Structures are given as C-alpha cells and as structure tokens.
Amino acid sequence: MNVVVVESPAKAKTINKYLGSDYKVLASFGHVRDLPAKDGSVLPDEDFAMSWEVDTASNKRLKDITDALKGADSLILATDPDREGEAISWHVLEVLNKKKALKEKKVSRVVFNAITKKSVLDAMANPREIDTPLVDAYLARRALDYLVGFNLSPVLWRKLPGARSAGRVQSVALRLVCDRESEIERFISEEYWQIAAELKTPRGEGFTARLTSHDGEKITKMSITKGDLAGQIKDMLEGASFVADSVEAKPTRRNPSPPFTTSTLQQAASSKLGFNASRTMQVAQKLYEGIDIGGETVGLITYMRTDGVQMAPEAIDEARAAIGTRFGDRYVPEKARLYSTKAKNAQEAHEAVRPTGFERAPDELKKYLDADQLKLYDLIWKRAIASQMASAEIERTTVDITASKDGKTAGLRATGSVVRFDGFIAAYTDAKEDGEQSDGDGDDDGRLPQINAKEALAKEKINASQHFTEPPPRFSEASLIKKMEELGIGRPSTYASTLATLRDRDYVTIENRRLTPEPKGRLVIAFLENFFNRYVEFGFTADLEEKLDRISAGELAWKDVLREFWTEFHAHIDDTKELRVTQVLDALNEALAPLVFPEREDGSNPRICPTCGTGNLSLKLGKYGAFVGCSNYPDCNFTRQLSSNGSDADAALSNEPQELGTDPATGEPVTLRTGRFGPYVQRGEGKEAKRSSLPKGWEVASIDFEKALSLLALPREVGEHPETGKMITAGLGRYGPFVLHDGTYANLESVEDVFTIGLNHAVTVIAEKKAKGPGRGRGTPAALKELGEHPDGGPVTVRDGKYGPYVNWGKINATLPKDKVPTEVTVEEALELIAAKAAASGKKTKAPAKKATKAKTKPKAAAKKTTAAKKTTAAKKPAAAKKTAAATAKKD
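Residues numbered from 1 in each chain as written. Predicted model: local features only at pLDDT ≥ 70, side-chain atom pairs only at ≥ 80, totals over all residues. Heavy atoms only, no water.

A. Spotlight on the overall build of the chain. From N to C terminus, the chain includes 24 helices and 32 strands. Looking at the 892 residues of the chain, the share that counts as buried comes to 48%. Sequence separation of at least 24 residues holds for 67% of the intrachain contacts in the chain that already meet a minimum separation of 6. (Helix = DSSP H or I, 4+ residues; strand = E, 2+ residues; numbered from the N terminus. Buried < 20%, exposed > 50% of the residue type's maximum accessible area, 1.4 Å probe, protein only. Contact = heavy atoms within 4.5 Å.)

B. Representation of the packing of helix α9 (residues 277-289) against helix α11 (residues 371-386) within the structure. Packing of α9 against α11 brings their axes to within 10 Å, and their N-to-C directions diverge by 85 degrees. Taken together, the axes of α9 and α11 are roughly perpendicular relative to one another. Together, R279, T280, V283, A284, K286 and L287 of α9 and D372, Q373, L376 and Y377 of α11 make up the contact between the two elements. Each residue belonging to the contact of α9 with α11 can be placed in one class, and the counts come to 5 nonpolar, 2 polar and 3 charged. (Axes fitted to C-alpha atoms, helices over the stretch in contact; angles between N-to-C directions. Parallel < 35°, antiparallel > 145°, perpendicular 65-115°, else oblique. Nonpolar A, V, L, I, M, F, W, Y, C, P; charged D, E, K, R; others polar.)

C. Region of the structure containing the sheet that holds strand β6 (residues 106-109). Pairing in this open sheet of 4 strands is parallel, and the strands run β2-β1-β5-β6 from one edge to the other. Both outer strands of the open sheet, β2 (23-27) and β6, are each paired with one neighbouring strand and no more. Here the strands of the sheet are splayed against their neighbours by 20 degrees on average, with no regard to which way each runs. The sheet strands contacting helix α3 (residues 83-98) are β1 (2-6), β5 (74-77) and β6, and the helix crosses β5 at an angle near 155 degrees. (Pairing = 2+ DSSP bridges.)

D. Region of the structure containing the sheet that holds strand β20 (residues 639-640). Taken in spatial order, the 3 strands of this open sheet run β18-β19-β20, and their pairing is antiparallel. Whereas interior strands pair on both sides, the edge strands pair on one side only; in this sheet they are β18 (617-622) and β20.

E. Expanded view of the nonpolar core. Ranked by internal contacts, the top residues of the largest apolar core, which has 159 residues, are L376 and F527. Apart from the residues within four sequence positions on either side, F527 is in contact with V155, L156, K159, L160, F532, L579, V584 and L588. Membership of the second largest hydrophobic core comes to 26 residues, among which are I224, A230, F242 and A414. (Core = buried A, V, L, I, M, F, W, Y, C linked by side-chain atoms within 4.5 Å.)

F. Quick peek at the confidence of the model for the chain. Across the chain, the average pLDDT comes to 84, with 87% of residues at or above 70. Segment residues 646-655 is flagged for pLDDT under 50; beyond a separation of four residues in sequence, or across chains, it makes 32 contacts in the model. Confidence drops under a pLDDT of 50 for residues 844-888, and excluding neighbours within four residues, the segment shows 45 contacts in the predicted structure. (pLDDT = per-residue confidence, 0-100.)

G. Region of interest: the packing of aromatic side chains. The full count for this structure, using the stated rule, is 16 aromatic pairs. Between the aromatic rings of Y288 and Y303, the centroid separation amounts to 5.2 Å while the plane-to-plane angle is 65 degrees, which identifies the pairing as edge-to-face. Residue Y288 is located in helix α9, and its partner Y303 is located in the loop between β12 (296-298) and α10 (313-326); the two are separated by 15 residues in the primary sequence. Like Y288, the residue Y303 is buried in the burial classification. Taking 6.0 Å as the distance between ring centres and 45 degrees as the angle between the ring planes, the aromatic pair formed by F327 and Y331 counts as tilted. (Phe/Tyr/Trp six-rings, centres within 6.5 Å; stacked < 30°, edge-to-face > 60°.)

H. Representation of the packing of helix α12 (residues 477-487) against helix α13 (residues 495-504) within the structure. Relative to each other, α12 and α13 sit at 120 degrees, their axes nearing to 11 Å. Regarding the angle of α12 to α13, the classification is oblique. Between α12 and α13 the crossing geometry is right-handed. Contact residues: α12 offers E477, L480, I481, M484 and E485, while α13 offers Y495, L499 and R503. Here the contact of α12 with α13 is composed, by residue class, of 5 nonpolar, no polar and 3 charged. (Left-handed = near helix turned anticlockwise from the far one by under 90°.)

I. Highlighting unusual backbone geometry. Look at the link from Y633 to P634: it is a cis peptide, with omega at 10 degrees. Along the chain, the position of P634 falls in the loop between β19 (625-630) and β20. Residue L714 is joined to P715 through a cis peptide bond whose omega torsion reads 0 degrees. Tracing the sequence through the fold places P715 in the loop between α19 (705-712) and β25 (716-720). At F29, a position not held by glycine, the phi torsion is positive, near 60 degrees. Of note, F29 is situated in the loop between β2 and β3 (42-43). For F29, a relative accessible area of 14% puts it in the buried group.

J. Representation of the pattern of salt bridges. Under the defined criterion, the tally for this structure stands at 42 salt bridges. One salt bridge connects D67 with K70, and the closest N-O pair in it is separated by 3.6 Å. Here the salt bridges do not stand alone but share partners, grouping R141, D145, R168, E545 and D549 into one network. (Salt bridge = Lys/Arg side-chain N within 4 Å of Asp/Glu carboxyl O.)

K. How the structure looks around the side chain of T79. The topology assignment puts T79 in the loop between β5 and α3. Using a relative accessible area of 2% as the deciding quantity, one classes T79 as buried. A polar contact of 2.6 Å, which involves the side chain of T79, links it to the backbone oxygen of G85. Residues within four places of T79 in sequence aside, it is in contact with V5, V6, E7, K11, G85, E86, I88, S89, R109, V110 and V111. (Polar contact = N/O pair within 3.5 Å; in protein donor to acceptor, adjacent residues only side chain to side chain.)

L. Structural view of empty space enclosed by the protein. One pass over the structure, following the stated rule, counts 3 cavities of 30 Å³ or more. Space inside the largest cavity adds up to approximately 90 Å³. V148, R168, Y535, F540 and F565 are the residues nearest the centre of the largest cavity, which is lined by 13 residues in total. Put simply, the parts of the chain that give the lining of the largest cavity at least two residues each are α5 (132-159), α15 (538-552) and α16 (558-575). Counting residues per element, the lining of the largest cavity draws most heavily on α15, at 3 residues. The residue makeup of the lining of the largest cavity, split by class, is 9 nonpolar, 3 polar and 1 charged. (1 Å grid on protein atoms, 1.4 Å probe; cavity = no way out; pocket = protein on both sides within 12 Å on 5 of 7 lines; lining within 4 Å. Points joined across faces, edges and corners; volume = space filled by probe spheres on them.)

M. The environment of E749, seen in detail. Topologically, E749 is positioned in the loop between β28 (744-747) and α20 (751-756). Looking at E749, the relative accessible area reads 80%, which means it is exposed. Once the C-alpha coordinates of E749 and F738 are considered, the two residues, 11 residues apart in sequence, prove to be 8.6 Å apart.

N. Just the pairing of β6, in detail. Summarising the sheet, β5 and β6 pair through 4 bridges and their orientation is parallel. Paired with L75 across the strands is V107, a residue of β6. Of the crossover connections in this fold, the one passing from β5 over α3 to the parallel β6 is right-handed. (Right-handed = clockwise from strand over helix to strand, strands pointing away.)

O. Focus on the pairing of β5. Residues of β5 alternate between two faces, with S74 and I76 on one and L75 and L77 on the opposite face, all of them buried. Of the pairings in the sheet, the one linking β1 to β5 comprises 4 bridges and is parallel in character. Directly across from V4, in β5, lies its bridge partner I76.

P. Structural detail: the state of the cysteines. Across all of its chains, the model carries 0 disulfides by this definition. Residue C630 stays outside any disulfide, its sulfur separated by 3.7 Å from that of C612, the closest cysteine. Owing to a relative accessible area of 2%, C630 belongs among the buried residues under this scheme. (Disulfide = S-S within 2.5 Å.)

Q. Focus on the environment of L523. For L523, the location among the structural elements is in helix α14 (residues 519-531). Exposure remark for L523: the relative accessible area of 7% places this residue in the buried category. Remark: the alpha-carbon pair of L523 and L588, spanning 65 residues in sequence, is separated by 7.1 Å. Once you skip the residues sitting within four places of it in the chain, L523 turns out to touch L160, L588, L592, L619, A626 and L642.

See below:
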C-alpha cells in the first residue's frame, strides 16, 4: 500500500481512480500549517526562526495521513508543481517526521502538469526528492511578507488611523493604481483637428484618405491645433484636384501568439469574457482538477499557474494533427512553432496553459461543462491550437494622393488590408488587450477599391473634425496584471489574491471594469511614498523578486536575502517612532492636493475655509479615518469627507446649512449639510432635529426639497399585512434598503424601492425572507442547499445571511464569490472555501457537537488564568488589527 498526498479532495478523487487499489490518495486541503497571526512568528534575532502552527482542521487531515501510513510501504507527495505545492509537501513531511510516523518508509515527491491518467502514471514512474531551493524560496517569501505585514501595518495604524494594512506586493500594486489616478488629475486636454477626404475612383467606388502633409510640412496627430488652420486647409482641399501618385501593395504575414500563461489568460478572459482574475482562476482550477466526461473524470487543461509559454513535444504533435483534421493541411506549418518566455522574471519550468487533449474540442464538451467552464475552455483550446497554425497572409495596400490648388499642395494617404489566407485566424482572433488604446493614426484596415497610379480621383466631401486628447485610462484588472508582469512585480499565483485584497481593504473600487482608488487607498500610498518610499518603488520590488527567484535556482541563500532586507527595513521602522502626526498631515496635504483641495467653480482659493473665510483647510485624522477640516476649529466646525472624484467638493459642504425649503407639516426648515461622515439632510435644529444620511449613489447636487422630505419621512408605512394585521414599513438601514414586518427584515434591491414598493410586493419579499430562515440576528438562516457530510463530520450547507450567501460547517462560515450561484455550489468547492477560511482566520474549529446532557463548569483557577491571558493579549495589540496584518502577509 502506498499513501499519496495531494491538495484538494477533487484532485484526490480523480487520481485515486487512475492508481487503483494499491494506492490510497488523501487530500491535505491546501497548506497544513502556517505562521500564527501574532508577534514572534518570525524571529530575526534568532536567525529568522519561524514558528509554525497546525489548525484543528489540518490536524485531522494529518491524523488521517498518519493512520494510513501505519500499514503503508511508502509516502508519495503529489502536490501541485509549483513553489506553493513544493511547500505543502515539505510541511506535510516536516509534521510527519516530528510525529515519527514514517519509520524509515520510503518518501518520494512526484509532479504532473496535467491530471490525466498518462501524466499521473508517468509521474509515478519518475519520482524525485523535495526541491530544497524551491522550499527555501517559499520560506523567504513567507517570512518577508510576514515581517512587512507585522511591522509596517502597525505604523499605519498609529500614524494614519483608518488605514488597514500594507504589504510587500499589495502596496506596490496599489501605487500603480494611485499613480494612474494622479496622472489623470494632472492631465490637461489639448485640442487637435483631423482632416479626411471622401474620394471616388473613375469607376465610382468610394474610399477615405487622411491628410498627411500640407505645403511640404508633415502633418501628425497634433499638428493642427486650431480650428482656423483646419478651416484654411479644408477650404484649399474643397477646390483642389486629386491624383493618385502611387499605389503599393505589400504582402505581410501575421504570426500567432503563444499559448496562455496565467497572466495572459487572465487578461484575455477579462477582455473577451468579462471574467475578473479570481473568477478566471476558480474556473480554471475546476478544469484542471477534473470534469466528469461520460463517466470518466479527467483534467481538461494543464496546470494554470505558470509563466511558461512552451508546450510538450507530444502536445505539439497532437495539436498539429488536430489542425490538419479540423482545418486542412494548408493550416499546418512546415515546422512546429517553438516559443520562449519573454517575461522579465519568468522562472517556472511549466508548460503553458493548454488542453490536455486537443481531440476534445469545445463543441464536443458542451453537455459536460457549465457556461463559464465552456467559455474558458473554448478560449484556452483555441489559443493553444492557433499557436501551432500557419501564419495569416495579408496584403496591405497604401495609396499616396496629391491634392493641388493654385500652387498649393497637400498629401493624403489611404490604407487598407485584405486577408489572402486566414491561417491561425480561423481558430483564434487576437485583439488589443483590455486597457490599450488606439494609436490614433486613423488607418482604415478595410479593403480598398481598385485604384490605379496617376489616375484622377473625384472629391465627394472634405471632413474637418475637432478632437481633444484624452487622459490615460484607469487600469482594469487585466491591464494592471499586465503592467505588474512587465515590471516584474508579484507572481502569476499572486495576482488574483492581490487584487482581491485591494478590494477587501476598500483601497480600490471597480466600476465598469476599471479600478478607481478610494481616498483611503490614496492616503496609504501617499504616506508610504513619503516615509517608506523605497518599499513601494517598482525597481526595488522587482529586484527583490529577482533575488527570490535566484533562491529558487539555488544561487542565493534565503537567510542572506532576509538579513539584507531586514537590516535596512527595521532601521526605517525605528525612524518612524519620532514621526509626528503633523509631519504626516503636512506631507499628505501636498502629495494629495488635487484630492484634498479640488478646484472650485468660482476660482477661489480651495485651501481657504468656505465657511469662516479665514481658516485654512487641511487633512485631519479621526477615529474612522481622514477628513478635511478648518484650522479655526472649534470656532469654525467646517468638515468634509474626502471625495474619490472631488466633483462635489464644496457644494453644500459644510455645517453651514443650505436651506432647501420648509416642511409644510411641521413648519421647520429642511437643510442640506455635510459632516465628518458625509452629506445628510436635516429638519429642524438642535438635538431633536431629524437627520438622514444620503443613500449610497445619491449625489449632493441631485438633492432637492422633494428628495429631502422623502428621506426624512423614513421609515415609511407600506400597509398592514393581510394575515397579521401588523404594519409593514420600509426604510434605510446599515445594510441598505429594507422592509420590516413583525421583527423580520427583508432587503430590497434598490434605494428607490423604499419609496415605491407596494403592499403586495412587500408581502412577497417578506414571505421569501421567512422561507430562507430567521432574520438578522435571530439565529442561523435555513439552509438553501444540503451538500453532504464534511470529512471531519457534520453537515456542509449553503445558506443566505445578512452579508449574502455563504457555505457553513460547524462554526465556520465562508462567503461565496459574488459571481457564484448559491444553488450551483459543489461540495468540493465548499470544502475548499471552508478550509481557506479556517486557515485565514486561525479558528480552532470542531465538527458540530451533539447537545450535552449536563453543563460543565470551568474551575475558578482556570477561569482566572484565561481572563489574565486575555488581558495580556489585549494589552499587546488589538486582536482585529493582528488578524488584518496576518491576512495581508498571507495574501502577499
């Protein structure tokens, strides 16, 4: 008997079928131990000694492995073929050695790039030992991320209240987003004009030519910046005669792109499918681990965390055969295409992301895959097979035209292209990556009519169009990943989690697939750039990544790299102990001037208080973060929240009320104000005044008297429930719009529903909420779906709570991804989410226990000891803050 250890239960189930009865395959459910979320887990003064902790769930997994080994001949570690996979195998081996569970049993490490029977059996026939340099690289990264998270984040908490964390990779990614926002704010739009002529050949066929020169001077995009000059050139062309000077047709060849790496897959899935990075990796994981295809579970793609672009020779042969069968012999190039990685910091010796079998075309798998799986598999299959297809043959035609009038001349050019042979385009069409802009040359890539040199052309129309330069676009997830890869920051396996961390920390928001930094995120980066600039420099981070890669290659000792980093970093941390908050605020006021002091429409000084007219505005730090306040406080109590766009900067912006009208029912004035926590409406004065914050999405400029009255009238009575006779009300709460009946809250889809919902609709919404289980704070919601038993015992269910749907096991609740339909969750997905949540939170969890027949009491001495321990822990550092730092260190 041989015991095989892999990460996930889905992978274990698939591999077990391939290996047969002589093997027992067990899942570790990811990492079995991690650094505890507390100070002292890494000790620089003790040669970077690291304290590892095994959580309760992992203890059970390790016990299962230990028990299985008692009657086994060998242990085979078959975790993923990357750094994290190597680290998991190392952790498992370390724990088993400490337990003395191996007793001279043979231990081997095997890796396979695809979960197919052939790949798995080939790997079993070629075992190796643990890759020590790869484990050292993991240890170095883990220690670095921990040291940065547990030393830099507390500085933020002390000097910049409201900031949640900083991280080695996370903060550099955030800097990219913030730098782009600053670039947009500094951008000054410039006017330019483009001139084009609509012409016809002697055969009556029309086409468009663009101006390229005038009076012997070359015309570029920004040459014509005034309408007067554009008008003069247009007038000249209106009366000019046009002759085709030259017609040149050049054949060109376009070669296919290589198969996907992790980052190019994420970029293409974003551009073509609208998937974010996390969704792409979730779907790819399922395709990699295995799908039931007609009774046989098989991995459909190779390992999806890679920066390699090469394919195995047998895969290339298979692709070429499939091309000949599906597209024809002409589409098979004479020689196979070989690609090499161009990424700055590529080091993984993996294949590109490709299908495990090119004979499994997407259209043949429709009945086995869900919609997202099919879309992503289709993308991967087409890109991989196109990478081995013949080049596309394109004929590009350029026509140079001379316009002349009264001794003045102008040059125009028309371009077009024709695909003579589609080649790889028959399988996959490349497009500009998400976030790229046109180069603005105006070339028309369509087909041109037949044009002969020296023939006269007839003018149909002259167009002079005004344009304005545009700022660079905000990053999308795809373009940010591309930029990080170009700079050598992060790794393929970290991009998705890094972006998720930025969202979870409320450092960025994503709207229309674009990343916009929140004021909190910009404050953090401004602080780091002013006081920890070295650690958010792109070059420094990339150099550190390169050193970590050299550790993987066995070229550097991992503790030497840590010592070099820690010496300077620790000294920098110590220097901030004398840093005063006033110094921080002065630096942030200057660094974030466009955000803190947006220009006013009346042209007045944006740094002067609009209320008292004499005080200077400045950033202030409060319990809940930063805000703008007046230097004449407390005589002047002007305050304003930081706006992410500055658009409503000083409209009704202070505690100086803007009167909207008089409430006809009470005779009290209704005013619009803004405070430390944002804009709000108020009726009356003093402590008894009624107030209501503006709902999310409502702009200050849109608030009129009618809207203010409707907000102040909340909660609104909808009507009596037909069964109970009790009133149903609608209102706005901490968790958004709701209806309430007899203690049951039910969320509404939009704020507008609060003002318009009728009795019938309200009764239906409440009934649906009751069917799901008790309301907020009234117990555990009823299960939407029973998934089965957890390996450790106890049911695993899908439920719907106040924060949305989640999976539950015992005391662990793991939130579902936003794009996951609750009723479609599989038990394998649920187990992975639960394991990840348990590891992240460090919870000591157990399977749901049966009710005790007799209550147990805690001895007084033990109770005192526990209380004392809690006080000691609390005195050191807030628990929530420690968890935040730990989560950041782990995600980086």
